[in-house]
Amino acid sequence: RMAAKHGFEESELESLFKNVRIRNDILKAISKPAEGKPWFEYRSIFINDERIRKGARFMNTHAETLMMSRRASGVPEEMTTAILGVETGYGRRTGRFGVLDALVTLAFRYPPRSKLFRQELEPFLLLSREEDIRPNRIKGSYAGAMGIAQFMPTSYRLYAVDFDGDGKRDLSKNMSDAIGSVANYFKVHGWRQREPIAMRASVAGVENLDALSFSLKSPRTLEQWVAMGVEPAQEYSDSQTAALIQLKGSDGPEYWLAFHNFYVITRYNKSTNYAMAVFQLSREIESHRQRTRADAP
């Protein structure tokens, strides 16, 4: 198909695929993703003093690029920073698996999601040709995500940008491209500038919790939620729409109202745990940065 549809040489692909390794450790890893942990355990992985301090330092180091990305996309600097912090520790850990090995393993040895990964293998080969990447050399996550921003091949081709204007979209080593690409991803997926992301809520007044829908696909206006007994922790316009989500806290359920921008974060990773970790990390990073700036002589 790659030869017929995209003009690849069959002999070159056969030679490439002969050296692919089917990785059992990848199959094991994908069957137990971190996102499956309860929220209170998942949160501690990504929101800690070290990651917060490094995030503030990252923002200071790349302040100009982050400012330019905000102006181009409307995405706050701390949000872009938090994504990079959760994904790769600000570019320090971009993955140890061969991307080709990962995609082939999952495309042909993981039936639950084989269709998805076959759909990623094709654009990976196209991306390798377009960006002059050696497909058997690039490393990434066990799912085939690549570079500082951990883009899957489809996302790389669609949303990565050459942010520094050097003629190449390089998410492996170019931090400017990584920052600009994350912000562009959110912009394309509908980020709304200066709108809320999420806030705590109380459900003490709800008579029948089972009747509530804890789904991002079931937004209501805040007025409607209040009428049902859900109390927002902050005041916003009654016409503002949000979904109600429930997370497993260490002391019991946590209830949050998740706005449109929270949903946008889940376009990067569908897990509500992931989106909440990014949101909370972004706030902690910006708070730490402001405190250290105020304490400076």
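Reading guide: rules and limits
- Residues numbered from 1 in each chain as written.
- Predicted model: local features only at pLDDT ≥ 70, side-chain atom pairs only at ≥ 80, totals over all residues.
- Heavy atoms only, no water.
- Phe/Tyr/Trp six-rings, centres within 6.5 Å; stacked < 30°, edge-to-face > 60°.
- Helix = DSSP H or I, 4+ residues; strand = E, 2+ residues; numbered from the N terminus.
- Buried < 20%, exposed > 50% of the residue type's maximum accessible area, 1.4 Å probe, protein only.
- Axes fitted to C-alpha atoms, helices over the stretch in contact; angles between N-to-C directions.
- Parallel < 35°, antiparallel > 145°, perpendicular 65-115°, else oblique.
- Left-handed = near helix turned anticlockwise from the far one by under 90°.
- Contact = heavy atoms within 4.5 Å.
- Nonpolar A, V, L, I, M, F, W, Y, C, P; charged D, E, K, R; others polar.
- Pairing = 2+ DSSP bridges.
- Salt bridge = Lys/Arg side-chain N within 4 Å of Asp/Glu carboxyl O.

(A) Geometry of the packing of aromatic side chains. Under the definition given, this model contains 12 aromatic pairs. With a centroid separation of 4.9 Å and an interplanar angle of 75°, the aromatic rings of Tyr159 and Tyr185 are classed as edge-to-face. Here Tyr159, found in helix 10 (residues 153-159), pairs with Tyr185, found in helix 11 (residues 175-188); they are 26 residues apart in sequence, far enough to count as distant. The pair Tyr159 / Tyr185 is uniform in exposure class, with both members buried.

(B) Layout of the packing of helix 7 (residues 77-88) against helix 11. Contact geometry for helix 7 and helix 11: axes closest at 10 Å, N-to-C directions at 110°. With respect to helix 11, the axis of helix 7 lies roughly perpendicular. By crossing handedness, the relation of helix 7 to helix 11 is classed as right-handed. From helix 7, Met79, Thr80, Ile83 and Leu84 reach across to helix 11, where they touch Met175, Ile179, Val182, Ala183 and Phe186. Each residue belonging to the contact of helix 7 with helix 11 can be placed in one class, and the counts come to 8 nonpolar, 1 polar and no charged.

(C) Local environment of the sheet that holds strand 6 (residues 241-249). The strand order across the open sheet built from 5 strands is 4-6-7-3-5, with neighbouring strands paired in antiparallel fashion. Because the sheet does not close on itself, it has two edges, and the strands there are strand 4 (220-221) and strand 5 (231-232). Bridge count for strand 4 against strand 6 is 2 bridges, and the pairing is antiparallel. Counterpart to Arg220 in the pairing with strand 6 is Ala242.

(D) Representation of the pattern of salt bridges within the structure. Applying the stated criterion to the full structure yields 10 salt bridges. Among the ionic pairs, Arg70 bridges to Glu77, the shortest N-O distance being 2.8 Å. Of the residues examined, Glu77 reaches a relative accessible area of 16% and is grouped as buried. Two residues, Glu131 and Arg169, come together in a salt bridge whose shortest N-O distance is 3.0 Å. Pair noted here: Glu131 is in the loop between helix 9 (114-130) and strand 2 (139-140) and Arg169 is in the loop between helix 10 and helix 11, with a separation of 38 residues, a long-range link. The same class applies to Glu131 and to Arg169, which are both buried.

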